[in-house]
Each structure stands twice: as structure tokens, then as C-alpha cells.
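Descriptive analysis of the structure
Listed below, chain by chain, are the residues.
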Amino acid sequence: MENWITEFMSQFGYFGVLVLILLENIFPPIPSEIILTFGGFMTTYTGMTKTGVIIAATIGSVVGAMVLYCIGLLLDVERLEKLVDRWGHLLRLTRKDIHRADAWFDRYGPWTVLFCRLVPLVRSLISIPAGMSNMNFLLFIFLTTIGSLIWNTALVSIGAAVGENWHSIVRYMDIYSNIVYVIIGISGLAVCFWYIRFRGKRA
């Protein structure tokens, strides 16, 4: 995948950066780390500038996030309630659980959207619950832009600074991503364990 990404960017420049980052937001397995650090490296031997790469990447990030936000709108609370009414007993979920989660996101959603833009994998998927909770669209776009701008600026600048050694940054980012995935996995298991025990005690 790395060769295809670098060849696509070499051929299409800023447009290539925009398209790949847009796709990365919709399909998280595509690594933004490679796109952004290589984009930074390209500014050292082509006519592309760091500002141009950052702007292209940020536009791609926002457009991709908008797509997932719209998907979240289709999975609103009412639809989830119908799914829970039919299948919730399998996971011991109730409508009350959905409303509790929705209320939590209404309260902490803005900060979650902002900071999750700096976390691999989650940075893309956070757009779906934002849409599901009907988060204010303009606020969502603003926070997504700020978070994406920070992430993009950091990686593009690092890529430009290390030049031909951009591969080393990708390796470090892989380590960072793996650590995040482990933390997410452990947290998810802990929440499930707590939830099962809590519901068991209440039953």
C-alpha cells in the first residue's frame, strides 16, 4: 500500500494528498502517517509547500469527516432504539442505555471530537457518534478542522524536517498507533466487564 500511496501523491501532488486523506478518514486502515510524512518530504524536492500540503490534507480530513457524520445521522437514536428493542437483549442493552450514552456525548462531545482527531483510528470513527447525537454541524466542522489542522501540521512538518528519513517517523507512528489500539482494546474490555457486572448486580 505504501508504494501505491507514494506513487499516487508523486503523480497528483496536492490533489493526491487531499484525495488520500479523504479516503483515510472514511477507511481508517489507510495510514495517514505515511501520507502526511511523505507529503512533508515531498516539499523538500518538489515545488510543493508545507502550507499547501497541510491545507490539502485538512480539506480532505474535513470532507471525509462530513461523510461519516452524515452516516451517523442515518443511525440516529430512534433507529438505535428499534434495534435495541429487537436485539438488545442479546447484549443486555436497553433504551435507557442508549439515552445515557447520547446524553454523555451531548455533554462531552465537543471535547471528544477535538481530542480524538489526534488519536489513530478513533480520529476518523468519532465522526459517526457525532452525527448520531445530532451535534451542531458547524461546531463539529470547526472542531474537526482545528484537530485535523494540528495533526496534519505536526506530521507534515516532521516529514519535511527529517527529509529522506521520513520512513523512520512512520515506524515510530506505528508504535504509537499500536499502543493506542492496545489501550482502546483494554478499555473496551474493561467497560464490557464493568457493564456486565453492574447489570448483573441490578438484575
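Just above sits the structure.
Here's a quick rundown of the structure. (Residues numbered from 1 in each chain as written. Predicted model: local features only at pLDDT ≥ 70, side-chain atom pairs only at ≥ 80, totals over all residues. Heavy atoms only, no water.)

Here the focus is unusual backbone geometry. Even without being a glycine, Asn 134 presents a positive backbone phi close to 55°. Along the chain, the position of Asn 134 falls in the loop between helix H7 (127-132) and helix H8 (137-162). (Helix = DSSP H or I, 4+ residues; strand = E, 2+ residues; numbered from the N terminus.)

Once that is clear, we can look at the packing of aromatic side chains. Per the stated rule, a full pass over the model turns up 8 aromatic pairs. With centroids separated by 5.9 Å and ring planes inclined at 15°, the aromatic side chains of Trp 111 and Phe 115 adopt a geometry described as stacked. On the criterion of helical spacing, the pair formed by Trp 111 and Phe 115 is a turn pair, its members being 4 residues apart in helix H5 (residues 95-116). Taken together, Trp 4, Phe 8, Phe 12 and Phe 15 form an aromatic cluster joined through their ring pairs. (Phe/Tyr/Trp six-rings, centres within 6.5 Å; stacked < 30°, edge-to-face > 60°.)

By the secondary structure assignment, Thr 58 is in helix H3 (residues 50-74). Polar contacts involving the side chain of Thr 58 include one to the side chain of Asn 152, which spans 3.2 Å. Discounting residues that sit within four places of it in the chain, Thr 58 has contacts with Thr 145, Ser 148, Leu 149 and Asn 152. (Polar contact = N/O pair within 3.5 Å; in protein donor to acceptor, adjacent residues only side chain to side chain. Contact = heavy atoms within 4.5 Å.)

Following both chains from N to C, one finds helix H2 (residues 32-42) and H8 inclined at 50°, their axes separated by 6 Å at the closest point. With respect to H8, the axis of H2 lies oblique. As H2 packs across H8, the resulting crossing turns out to be right-handed. Of H8, the residues touching H2 (which contributes Ser 32, Glu 33, Leu 36, Thr 37, Gly 40 and Phe 41) are Trp 151, Asn 152, Leu 155, Val 156, Gly 159 and Ala 160. Here the residues of the contact of H2 with H8 are counted per class, giving 6 nonpolar, 5 polar and 1 charged. (Axes fitted to C-alpha atoms, helices over the stretch in contact; angles between N-to-C directions. Parallel < 35°, antiparallel > 145°, perpendicular 65-115°, else oblique. Left-handed = near helix turned anticlockwise from the far one by under 90°. Nonpolar A, V, L, I, M, F, W, Y, C, P; charged D, E, K, R; others polar.)

Bringing the nonpolar core into the picture now. Membership of the largest hydrophobic core comes to 22 residues, with the highest contact counts inside it found for Ile 5, Met 9, Val 17, Ile 35 and Leu 36. Where this core is concerned, the elements lending two or more residues are helix H1 (2-26), H2, H3 and H8. Leaving out residues up to four positions away in the same chain, Leu 36 has contacts with Ile 21, Ala 57, Trp 151, Asn 152, Leu 155 and Val 156. Formed by 13 residues, the second largest nonpolar core is a distinct cluster that contains Phe 105, Leu 114, Met 135 and Leu 143. (Core = buried A, V, L, I, M, F, W, Y, C linked by side-chain atoms within 4.5 Å. Buried < 20%, exposed > 50% of the residue type's maximum accessible area, 1.4 Å probe, protein only.)

Before going further, it helps to examine the side chain of Ser 127. With respect to the helices and strands, Ser 127 occurs in helix H7. Not counting residues within four places of it along the chain, the set of residues in contact with Ser 127 comprises Ala 65, Leu 68, Tyr 69, Arg 117 and Phe 140.

Our focus in this paragraph is the environment of Ala 130. Checked against the element boundaries, Ala 130 lands in helix H7. Accessibility expressed as a relative area gives 0% for Ala 130, which makes it buried. Remark: the alpha-carbon pair of Ala 130 and Asp 106, spanning 24 residues in sequence, is separated by 8.8 Å. In contact with Ala 130, not counting residues within four places along its chain, are Tyr 69, Phe 105, Val 113, Met 135 and Phe 140.

This paragraph deals with H8. Helix length check: H8 (26 residues) gives 37 Å between terminal C-alpha atoms against 38 Å at 1.5 Å per residue, within 8%. Buried residues of H8: Phe 140, Ile 141, Leu 143, Thr 144, Gly 147, Ser 148, Trp 151, Asn 152, Leu 155, Val 156, Gly 159 and Ala 160, and no others. Where H8 terminates, the next one or two residues include Gly 163, which has phi positive at roughly 60°. (Expected span 1.5 Å × (residues − 1).)

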